[in-house]
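Fold and geometry: a report
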Amino acid sequence: RKNVEDFTGPRERSDLGFVTFDITADILNGKNGLQTFWNKSTLKLFFIFDWNVKQLFLYLSAEYSTKNNALNQVVLWDKIMLRGDNPRLSLKDMKSKYFFFDDGNGLKGNRNITLTLSWNVVPNAGILPLVTGSGHVSVPFPDTYETTKSY
């Protein structure tokens, strides 16, 4: 985590979080997991691909609260899984695909940043349901800013 100038809003400094994570998922057998380099946890997901599922839009989100906002949600990573793709994911040492910016200093020392793997089912016909995994991982962020390590 670093404190950097945020050019998207007022001329203030904002926290930028860096997360490295592992995701293991066996969609056909319903065995899935989400791990970070801080904690390890297993997500129990349901059997997903059936006759009406064309593809899945998987995404990893972070959710946390700060003194300025009761709820903050940030998408860190995503992937499209097509029908016929290998349903076994084994992603190691993944870095977030999108910036993890807070609109202030809400990441420094935050002890409850929750990572959740969710997905949208894209059917051949019918509604587009949003599904959230039945597990999650909560990770603490450090109390000091990192200045020497590169991401």
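Residues numbered from 1 in each chain as written. Predicted model: local features only at pLDDT ≥ 70, side-chain atom pairs only at ≥ 80, totals over all residues. Heavy atoms only, no water.

Definition in use: UniProt positions are given in the numbering used here, feature names are shortened, and annotations may be inferred rather than shown by experiment.
In the annotation of an unreviewed UniProt entry, the entry for the protein reads Signal peptidase complex subunit 3, and the organism field reads Prunella himalayana. Here is the UniProt Sequence similarities (unreviewed entry) comment for the protein, exactly as written: "Belongs to the SPCS3 family." The heading Subcellular location (unreviewed entry) in the UniProt record of the protein holds the text "Endoplasmic reticulum membrane".

**A word on the packing of aromatic side chains**
Note the cut-off: Under the pairing criterion, centres of Phe, Tyr and Trp rings, with the six-membered ring standing for Trp, must be within 6.5 Å; the plane angle then separates stacked pairs below 30 degrees from edge-to-face pairs above 60, leaving the rest tilted. In this description a helix means any DSSP run of H or I spanning at least four residues, a strand means any run of E spanning at least two, and both kinds are numbered starting from the N terminus. Three labels apply to residues, based on accessible area from a 1.4 Å probe with only protein chains included: buried if under 20% of the type maximum, exposed if over 50%, partly exposed otherwise in between.
Here the structure, examined in full by the defined rule, presents five aromatic pairs. An angle of 70° between the planes, with centres 6.2 Å apart, marks the rings of phenylalanine 21 and tryptophan 77 as edge-to-face. Within this pair, whereas phenylalanine 21 is found in strand E3 (residues 20-26), its partner tryptophan 77 is found in strand E7 (residues 72-82), the two being separated by 56 residues in sequence. Here phenylalanine 21 matches tryptophan 77 in class, with each residue buried. A centroid spacing of 5.8 Å and a plane angle of 80° characterise the contact between phenylalanine 100 and phenylalanine 141, whose relative ring orientation is edge-to-face. Taken together, the residues span a long stretch of sequence, with phenylalanine 100 in strand E9 (residues 100-101) and phenylalanine 141 in the segment after strand E12 (137-139) at a distance of 41 residues. The same class applies to phenylalanine 100 and to phenylalanine 141, which are both buried. Three or more aromatic residues link up through ring pairs in this structure, and these residues are Tyr64, Phe100 and Phe141.

**Structural notes on the pattern of salt bridges**
This is how the line gets drawn: The term salt bridge refers to a pairing of a side-chain nitrogen on Lys or Arg with a carboxyl oxygen on Asp or Glu at a separation within 4 Å.
Using the criterion set out here, one finds two salt bridges in the structure. A salt bridge links aspartate 78 to lysine 97, with the shortest nitrogen-to-oxygen separation between them at 2.6 Å. Taken together, the positions of aspartate 78 in strand E7 and lysine 97 in the loop between strand E8 (88-95) and E9 put the pair 19 residues apart, joining distant regions of the chain. Accessibility expressed as a relative area gives 14% for aspartate 78, which makes it buried. Its relative accessible area of 49% is what places lysine 97 among the partly exposed residues. The partner of arginine 111 in a salt bridge is aspartate 143, with the nearest N and O atoms 2.8 Å apart. Of the two residues, arginine 111 is situated in the loop between E9 and strand E10 (113-123) and aspartate 143 in the segment after E12; the sequence distance between them amounts to 32 residues. Here aspartate 143 falls in the partly exposed class, since its relative accessible area comes to 45%.

**Looking at unusual backbone geometry**
One non-glycine residue, aspartate 93, lies in positive phi territory at about 50°. Within the secondary structure, aspartate 93 is located in strand E8. For aspartate 93, a relative accessible area of 56% translates into the label exposed.

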